[in-house]
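So you can see what is in the structure, the chains are spelled out below.
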Amino acid sequence: MKEKIRVVVLVVALCLAGSVWMKHDYSKRIFQYESEIKKESQMLTQASAQIDGEATVASKDIKKIAITFDDGPDPIWTEKLLDGLAERNVHATFFVLGKKVAENEALLKRMQEEGHLIGNHSYNHVQLNRLREAVVKKELDDTNEQVYEATGYRPEYVRPPYGAWDKKKDCPGEMMTVYWTIDTMDWQLLDADKVMKNVVGKVSDGDIILLHDVYESSVDAALRIVDYLQEEGYELVTVDQLILD
Ligand code: NI
């Protein structure tokens, strides 16, 4: 009988010990499981931080285009264009003619105040590469002076009329020459639809588009081009931002 009791006690003791050990093992597993979850959440946090970092890098890779206007300012069409650009929160570059600035100082001031870049397109719209250096200098200096009087800003960029300049030669006054990569032919076409066709599907990152803010059709086309480029994910910038980027 005593033997039987001993066996029962032993069995009970073994069962108890077993259950205690199993409980211990179970809590150990829970502990391991918890630390695994912790590790995974840490990894997720790191991954999301990396994605944030990549997003910052991606913002530097935004496609950029500069839209530029020559031969202005024009009292009617430049004003309409500035209204349209302001509505769209877009900055452009205006290569102005010195001879037109004096009568349109308010427009120049507005360009400056609204964040556009003002460049030099000579005083009389002359072919600079055919002129003596002193005359070229006067064409550019007189224009810079007119712009400075209107705005307090002296242009640093010049677009030679007809693109006519020896590209290896510096411009007087250390001005930087700016050409274009897309000629819309707006001055010849005088038709907003046709001008649009010279841009749609042809632009790519870094392009400089040439237009003239002295024709109604060009201003209409310009604003449609801006809408199109924004829908295509382009950021519209001034030429200095494009060149310095
Ligand atoms: Ni021109």
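Nothing here was measured: the structure is a model prediction, and the numbers come from that model.

Engineer: Which parts of the structure should I look at to understand the coordination of the nickel ion?
Structural biologist: Octahedral metals with six donors have ideal donor angles of 90 or 180 degrees. Tetrahedral metals with four donors have an ideal donor angle of 109.5 degrees. Within the protein, Asp71 (OD), His121 (NE2) and His125 (NE2) serve as the donor atoms for the nickel ion, at 2.1 to 2.2 Å. Along the chain, the residues that donate to the nickel ion are spaced as D-x49-H-x3-H. Separated by 54 residues along the polypeptide, aspartate 71 in the loop between strand 1 (64–70) and helix 2 (77–87) and histidine 125 in the loop between strand 3 (117–120) and helix 5 (133–151) bring together distant segments of the chain. Considered together, aspartate 71 and histidine 125 belong to a single accessibility category, that of buried residues.

Engineer: What is the right way to look at helix 4 (residues 105–113) in this model?
Structural biologist: Residues three or four positions apart in an α-helix share a direction because the helix packs 3.6 residues into each turn. Considered for burial, the residues of helix 4 that qualify are Leu107, Leu108, Arg110 and Met111. Buried positions in helix 4, seen along its axis, are confined to an arc of 160 degrees and lie on one side of it. Exposed side of helix 4, more than 90 degrees from the buried face: Ala106 and Glu113 are the residues found there. Among the structural elements, helix 2, strand 2 (93–96), helix 3 (98–101), strand 3 and helix 5 are those in contact with the buried residues of helix 4. Looking at the residues trailing helix 4, positive phi occurs at glycine 115, about 90 degrees.

Engineer: When you look at helix 2 in this model, what are you seeing that I'm missing?
Structural biologist: Turning to helix 2, its buried residues number three or more, namely Thr78, Leu81, Leu82, Gly84 and Leu85. All buried residues of helix 2 project into a common sector of 165 degrees when viewed along the axis, lining one side. Positive phi shows up at asparagine 89, right after helix 2, with a value of about 55 degrees.

Cut-off values and rules
Residues numbered from 1 in each chain as written. Predicted model: local features only at pLDDT ≥ 70, side-chain atom pairs only at ≥ 80, totals over all residues. Heavy atoms only, no water. Donors = N, O, S within 2.8 Å, 3.2 Å for Na, K, Ca; no water. Helix = DSSP H or I, 4+ residues; strand = E, 2+ residues; numbered from the N terminus. Buried < 20%, exposed > 50% of the residue type's maximum accessible area, 1.4 Å probe, protein only. Arc of directions from axis to C-beta. Contact = heavy atoms within 4.5 Å.

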